[in-house]
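Here are the chains, one letter per residue:
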Amino acid sequence: MLEIDIKHVAKLARLRIEDEKVEMFQRQMGDIIAMVERLPEMESRVLPVDRANHMELRKDEIKPSLRRDVILANAPETAAGCVVVPKTTES
């Protein structure tokens, strides 16, 4: 079975996990990965289009949203009214 470092995953996701729950989350994550590994392979990357059940896109409408200060209150770090995130590219 694949060994999963739940503490590391939690750190990356900025989640706090109590020590007594680590084993439970490791088991659950292992179950999820095992389920995904049992999924059948797709023969083609192109999905068939069901013309009888086509997807209708909704109209874009302006709707009320959360205020910026409420959103930023949940961010671990902010600057100039924006959320600061780790650098993901190399220069």
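Predicted, not measured: the structure shown is a model, and the values here were computed from it.

Analysis parameters
Residues take numbers from 1 onward in each chain, read along the sequence in its written order. Reporting of local features is limited, given that this is a predicted model, to residues whose pLDDT is at least 70; pairs of side-chain atoms are given and counted only at 80 or more, and all residues count toward the totals for whole chains, interfaces and linings. Side-chain calculation: all heavy atoms of the structure are included, whereas hydrogens and water are not. Numbering of helices and strands runs from the N terminus; a helix is a DSSP stretch of H or I covering at least four residues, while a strand is a stretch of E covering at least two. Each radius of gyration reported is based on C-alpha atoms, and the globular scaling rule is 2.2 Å times the count of residues to the power 0.38. Partly exposed residues are those whose accessible area sits between 20% and 50% of the maximum for their type, while under 20% is buried and over 50% is exposed, using a 1.4 Å probe and protein chains only. By definition here, a salt bridge exists when the distance from a side-chain nitrogen of Lys or Arg to a carboxyl oxygen of Asp or Glu is within 4 Å. Whether two residues are in contact is decided by their heavy atoms: any pair within 4.5 Å suffices. Grouping into patches uses exposed residues only, defined as over 30% relative accessible area, and leaves out salt-bridged ones; the cut-off is 9 Å for like charges and 5 Å for nonpolar side chains (Val, Leu, Ile, Met, Phe, Trp, Tyr). Accessible surface area values rest on a Shrake-Rupley calculation with a 1.4 Å probe, where residue burial reflects the displayed protein chains alone.

> Could you clarify how one ought to interpret the overall build of the protein in this entry?
When helices and strands are counted, the protein shows three helices and two strands. Going residue by residue from the N terminus, the α and β elements of the protein occur as α-α-α-β-β. In terms of overall dimensions, the protein is more spread out than a globule: its C-alpha atoms have a radius of gyration of 21 Å, far above the 12 Å expected for 91 residues. Overall, the protein is about 50 × 45 × 35 Å in size when its C-alpha atoms are taken along their principal axes. Among the 91 residues that make up the protein, the fraction classed as buried is 9%.

> Whenever I open this one, unusual backbone geometry confuses me. Can you help?
Glycine aside, residues mostly have negative phi angles, and peptide bonds mostly take the trans form. Of note, the phi angle at Arg-14 is positive, near 55°, even though the residue is not glycine. By the element assignment, Arg-14 lies in the loop between helix H1 (6–12) and helix H2 (22–37). Phi at Ala-80 is positive, roughly 55°, even though this residue is not glycine. Along the chain, the position of Ala-80 falls in the loop between strand S1 (78–79) and strand S2 (82–83).

> Before we go on, may I ask you to explain the pattern of salt bridges in this structure?
Oppositely charged side chains can form a pair if their charged atoms are brought close together. On inspection of all chains with the given rule, the structure shows two salt bridges. We note a salt bridge from Asp-19 to Lys-7, for which the minimum N-O separation is 2.6 Å. Within this pair, whereas Asp-19 is found in the loop between H1 and H2, its partner Lys-7 is found in helix H1, the two being separated by 12 residues in sequence.

> Quick question: what am I supposed to make of the environment of Phe-25 here?
In this structure, Phe-25 sits in helix H2. Taking the C-alpha atoms as reference points, Phe-25 and Asp-5, separated by 20 residues in sequence, lie 9.9 Å from one another. Contact partners of Phe-25, with chain neighbours within four places excluded, come to Ile-6 and Ile-17.

> How should a nonpolar patch on the surface be read in this particular structure?
Judged by side-chain polarity, Ile-32, Met-35, Val-36 and Leu-39 come together as a nonpolar surface patch covering roughly 370 Å² of accessible area. You can see Leu-39 is positioned in the loop between H2 and helix H3 (68–73).

> Is there a simple way to think about the environment of Arg-67 in this case?
By the secondary structure assignment, Arg-67 is in the loop between H2 and H3. By relative accessible area, Arg-67 is classed as exposed at 54%.

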